[in-house]
Amino acid sequence: MISLINDSQHYYQNLNFKDINLSLKTIEAKEFDNCTFSACNFTETKFQKCKFYECTFNKCNLSLMTVLNSSFFDIVFENSKAIGINWSNAAWPRIKVNSPLQFYKCVLNYSSFFGLCLREIIIVECNAEEVDFREADCTNATFTHTDFTKSLFSKTNLTKADFTEATNYNIDVFLNEIKKAKFSLPEATSLLRSLDIELIDF
């Protein structure tokens, strides 16, 4: 385990970072390849023009982290706080590829994925309150067991997305593509709100 990122080194490979605190720091033009970050504090850290390849963040605080022009490829977040991150500011490939992000048991509240290609993104057992998914391509996404209270879905491609056991989503069937998406009862009845019909409960 190592506990620092120094100014002179720009490339890190196969390293385990533990308990490092970079809150309010600016990290620029560094590459992390197959690295693990455990119990690290990246609150309001500014990552500029950085690259992350096949990295894992476990029990980290990434709240209000800035990802300006930074790249992410096959990144896993576990048991972490990733609150208020504007992922739209990251460097995304010009061609449409599968989402490089996976979230398990994370808090993603107040974050934005506006207009991004997030095909096959994984958000499992997370809190995703007031998250912006408008105009995103979430084809084949896995959204299971996640709370989507007040999250925004508009012009979102949810084709074959899996919302099994997800809760509190508000998805207008006329403003979003939901062909072959999976939903669980009774939560799926919320999809009927946009149909302007009255449900009678016997």
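About the criteria used
Each residue is numbered by its place in its chain's sequence as written, counting from 1. Local features in a predicted model are, by the rule used here, given only for residues with pLDDT of at least 70; side-chain atom pairs are given and counted only at 80 or more, and totals for whole chains, interfaces and linings are based on all residues. With hydrogens and water set aside, each side-chain value is computed from the structure's full complement of heavy atoms. Centres within 6.5 Å make a pair out of two Phe, Tyr or Trp rings, where for Trp the six-membered ring is used; the pair is then stacked when the planes are under 30 degrees apart, edge-to-face when over 60, and tilted otherwise. Counting from the N terminus, the helices are DSSP H or I runs at least four residues long and the strands are E runs at least two residues long. Using a 1.4 Å probe on the protein chains alone, a residue whose accessible area is under 20% of its type maximum counts as buried, one over 50% counts as exposed, and one in between counts as partly exposed. Any N or O atom pair separated by 3.5 Å or less is treated as a polar contact, with the protein-specific requirement of one donor-capable and one acceptor-capable atom, and with residues adjacent in sequence counted only for side-chain atom pairs. Residue contacts are defined here by distance: any two heavy atoms, one from each residue, within 4.5 Å place the two residues in contact. A pair of strands counts as paired when DSSP detects no fewer than two bridges linking them. Inter-axis angles, ranging from 0 to 180 degrees, are taken between N-to-C directions of lines fitted to C-alpha atoms, where helices are fitted over the stretch in contact.

**Q** Which parts of the structure should I look at to understand the packing of aromatic side chains?
**A** Each aromatic ring pair is described using two quantities: the centre-to-centre distance and the angle formed by the ring planes. Counted under the stated rule, the structure contains 34 aromatic pairs. Ring geometry for Phe32 versus Phe52: centroids 5.0 Å apart, planes at 15 degrees, classification stacked. Residue Phe32 is located in strand β4 (residues 31–33), and its partner Phe52 is located in strand β7 (residues 51–53); the two are separated by 20 residues in the primary sequence. Overall, Phe32 belongs to the buried group, its relative accessible area being 0%. With centroids separated by 6.1 Å and ring planes inclined at 75 degrees, the aromatic side chains of Phe42 and Phe57 adopt a geometry described as edge-to-face. On the criterion of sequence distance, the pair formed by Phe42 in the loop between β5 (36–38) and β6 (46–48) and Phe57 in strand β8 (residues 56–58) is long-range, its members being 15 residues apart. Take Phe42: its relative accessible area is 1%, and that puts it in the buried class.

**Q** Any chance you could explain unusual backbone geometry here in plain terms?
**A** Negative phi is the rule for most residues except glycine; trans is the rule for most peptide bonds. Following Leu185, the chain continues to Pro186 via a peptide bond in cis, the omega torsion being 5 degrees. Looking at the secondary structure, you find Pro186 in the segment after β14 (182–183). Even without being a glycine, Asp19 presents a positive backbone phi close to 60 degrees. Within the secondary structure, Asp19 is located in the loop between β2 (16–18) and β3 (26–28). A positive phi angle, close to 60 degrees, is found at Lys59, a residue other than glycine. Looking at the element boundaries, Lys59 is found in the loop between β8 and β9 (71–73). Given a relative accessible area of 57%, Lys59 falls into the exposed group.

**Q** Teacher, can you tell me more about the side chain of Ser111 here?
**A** Note on placement: Ser111 falls in the loop between β11 (101–104) and β12 (122–124). On the basis of relative accessibility, which here comes to 2%, the residue Ser111 falls in the buried class. Polar side-chain contacts of Ser111 include one of 3.1 Å to the backbone nitrogen of Ile85. Ser111 has contacts with Ala82, Ile83, Gly84, Ile85, Trp87, Glu130, Val131 and Asp132, leaving out every residue within four places of it along the chain.

**Q** I keep staring at the sheet that holds β11 and nothing clicks. Help me out?
**A** Strand pairs in the sheet, formed through backbone hydrogen bonds, run parallel or antiparallel to each other. Taken in spatial order, the 6 strands of this open sheet run β2-β5-β8-β10-β11-β12, and their pairing is parallel. Two strands bound the open sheet, and with one partner strand each, they are β2 and β12. The mean angle between the axes of side-by-side strands here comes to 10 degrees, regardless of whether they run parallel or antiparallel. As paired strands, β5 and β8 are joined by 3 bridges and run parallel to one another. Its bridge partner being in β8, Ser38 is matched across the sheet by Asn58.

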